[in-house]
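# Chain and residue survey
Residue-level listing of the chains:
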Amino acid sequence: MSQFRSIFRQISTNNSYQVKDYGPNNRAVSTFAPDDIAGLTGWIDANDSTSITLDGDFVDSVTNKGSVTCTWQANVAAARPFLSASLINTRDVISFDGVDDILSSSVGAGTLFGATTPTTYTYGVVMKPNRIGTSNANPYALDVITGMASSGWTVTVGTSQGLTSRLWHDFGSSDAADYVTSRPAQVVSGSTMSMIITFAAKTYSMYINGTFVGSTTRSVNTTVGLNSVRIGNEIFPSGGDPALFDLCELVLYSTEIAAADIATLTDYFDDKWGI
């Protein structure tokens, strides 16, 4: 195996494709990083210890690695998430307890998305949901991964409108025109997954583990510029709970990234996090 790796490294070098790491399954991670794609404004990498300040094993703050200068942290010490060492694909992740854990950006969402009322953006997240609500009594049983501090822009996992065990990108309304969601069986509790959402020309498109699953057309919520981006403990406007999940990586771009970039970013997520 060591001989194979040496040969692969030589081939890679000769073809200007440098290899920097191997996962447990010997899946190579190239020197690609999210900031190789233009427009990266927000970036949390749970495995980058240089960007995380700890208090014991609790995450006191995370330095944003994108172009926007900001930090992510809990509003009170008791709501800090936990750093779980080497939990996913031998890499560190930030674990949210599903009760009150939160990371909130120190700048407004409009800054992170590039404009108070953005016309284009891309959101990407790698995470492992550890609870997926199935009750439809609300009719919501949604755990909030990311939200815009009561503005209605949310990424949630769970059940709504009779659609069970889905990942949702939604705007705080029960109107079907206001959300785009994953397909059945694409979201499994305890399984690591990626989601990429692009927005342009009022159209939101969703990709789950690199597969296009659908789109919807709606104007962006203009209140996005008034609020921070919150991860974990965000009250969904129509009902919902903080999410119980492990956060691996999150990226925000001020542009709709191209199809080729979606594929490259997905490959990077897959290799790095063992999806």
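Up top is the structure.
The notes below deal with the structure included here.

Thresholds, definitions, all that
- Residues numbered from 1 in each chain as written.
- Predicted model: local features only at pLDDT ≥ 70, side-chain atom pairs only at ≥ 80, totals over all residues.
- Heavy atoms only, no water.
- Salt bridge = Lys/Arg side-chain N within 4 Å of Asp/Glu carboxyl O.
- Helix = DSSP H or I, 4+ residues; strand = E, 2+ residues; numbered from the N terminus.
- Buried < 20%, exposed > 50% of the residue type's maximum accessible area, 1.4 Å probe, protein only.
- Polar contact = N/O pair within 3.5 Å; in protein donor to acceptor, adjacent residues only side chain to side chain.
- Contact = heavy atoms within 4.5 Å.
- Pairing = 2+ DSSP bridges.
- Expected span 1.5 Å × (residues − 1).
- Phe/Tyr/Trp six-rings, centres within 6.5 Å; stacked < 30°, edge-to-face > 60°.
- Lys NZ or Arg CZ within 6 Å of the ring centre and 35° of its normal.
- Core = buried A, V, L, I, M, F, W, Y, C linked by side-chain atoms within 4.5 Å.

### Some remarks on the pattern of salt bridges
One pass over the structure, following the stated rule, counts nine salt bridges. Glu249 serves as the salt-bridge partner of Lys272, at 3.2 Å between the closest nitrogen and oxygen. One end of the pair, Lys272, is in helix H3 (residues 259–273); the other, Glu249, is in strand E20 (residues 244–253), and 23 residues separate them in sequence. When its relative accessible area of 7% is taken as the criterion, Lys272 is described as buried. With relative accessibility at 0%, the residue Glu249 sits in the buried group.

### A look at the side chain of Asp246
Summarising the element assignment, Asp246 is placed in strand E20. You can call Asp246 buried: its relative accessible area is 5%. Side chain to side chain, Asp246 and Ser95 meet in a polar contact 2.6 Å long. What Asp246 contacts, discounting residues up to four positions off in sequence, is Leu87, Ile88, Val93, Ile94, Ser95, Val126, Met127, Lys128 and Asn130.

### So, the pairing of strand E4 (residues 52–55)
Judged from the four bridges that link them, E4 and strand E5 (residues 58–63) form a sheet pairing that is antiparallel. Counterpart to Asp55 in the pairing with E5 is Phe58. Turn length for the E4-E5 hairpin, with the two strands adjacent in sequence and antiparallel, is two residues, and the turn residue Gly56 shows positive phi of about 70 degrees.

### Remarks on H3
Because each turn of an α-helix spans 3.6 residues, side chains separated by three or four positions end up pointing in the same direction. Taking 1.5 Å of rise per residue, the 15 residues of H3 would be expected to cover 21 Å, and the 21 Å separating its terminal C-alpha atoms lies within 8% of that figure. Count one or two residues on from H3 and you reach Gly274, which has phi positive near 70 degrees.

### What to know about the packing of aromatic side chains
A full pass over the atoms with the stated rule returns 13 aromatic pairs. An angle of 75 degrees between the planes, with centres 5.4 Å apart, marks the rings of Phe32 and Tyr268 as edge-to-face. With Phe32 in the loop between strand E2 (28–30) and strand E3 (40–45) and Tyr268 in helix H3, this residue pair connects regions lying 236 residues apart in the sequence. Of the two residues, Phe32 and Tyr268, neither departs from the other in class, the shared state being buried. Between Tyr123 and Trp153, the ring centres sit 5.5 Å apart and the planes meet at 70 degrees, which makes this aromatic pair edge-to-face. Of this pair, Tyr123 sits in strand E10 (residues 120–129) while Trp153 sits in the loop between strand E11 (140–147) and strand E12 (154–160), and the two are 30 residues apart along the sequence. Taken as a pair, Tyr123 and Trp153 share a single burial class, namely buried. Directly above the ring of Trp43 sits Lys65, whose terminal nitrogen or CZ lies 4.0 Å from the centroid.

### Some details on unusual backbone geometry
Note: most residues except glycine have negative phi, and most peptide bonds are trans. Here Ser86, not a glycine, exhibits a phi torsion of approximately 55 degrees, which is positive. Here Ser86 lies in strand E7 (residues 82–88). Despite not being glycine, Ala185 shows a phi value in the positive range, around 70 degrees. Looking at the secondary structure, you find Ala185 in the loop between strand E14 (179–181) and strand E15 (193–200). Looking at Ala185, the relative accessible area reads 71%, which means it is exposed.

### Describing the environment of Thr146
With respect to the secondary-structure elements, Thr146 resides in strand E11. Distance in space between the C-alpha atoms of Thr146 and His169 is 9.4 Å, their sequence separation being 23 residues. Reaching out from Thr146, the side chain makes a polar contact with the side chain of Tyr123 at a distance of 2.7 Å.

### What to know about the pairing of E3
In terms of burial, E3 is largely enclosed, as six of its six residues are buried. Two strands pair when backbone bridges link them, and E3 and E20 are joined in this way by five bridges, in the antiparallel orientation. Across the sheet, the residue bridging to Leu40 is Tyr253, located in E20.

### Description of the nonpolar core
Ranked by internal contacts, the top residues of the largest apolar core, which has 46 residues, are Trp72, Ile94, Tyr123, Leu167, Met195, Ile231 and Leu247. Non-local contacts of Tyr123, meaning those with residues more than four positions away in its chain, are made with Ile145, Thr146, Trp153, Val155, Met195, Ile196, Ile197, Leu250, Val251 and Leu252. If you look at the next biggest cluster of nonpolar residues, it comprises 19 residues, including Ile196, Tyr207, Cys248 and Tyr253.

### A word on the environment of Leu142
Within the fold, Leu142 resides in strand E11. The class of Leu142 is buried, set by a relative accessible area of 1%. Spatially, the C-alpha atoms of Leu142 and Ser160 are 7.2 Å apart, while their sequence positions differ by 18 residues.

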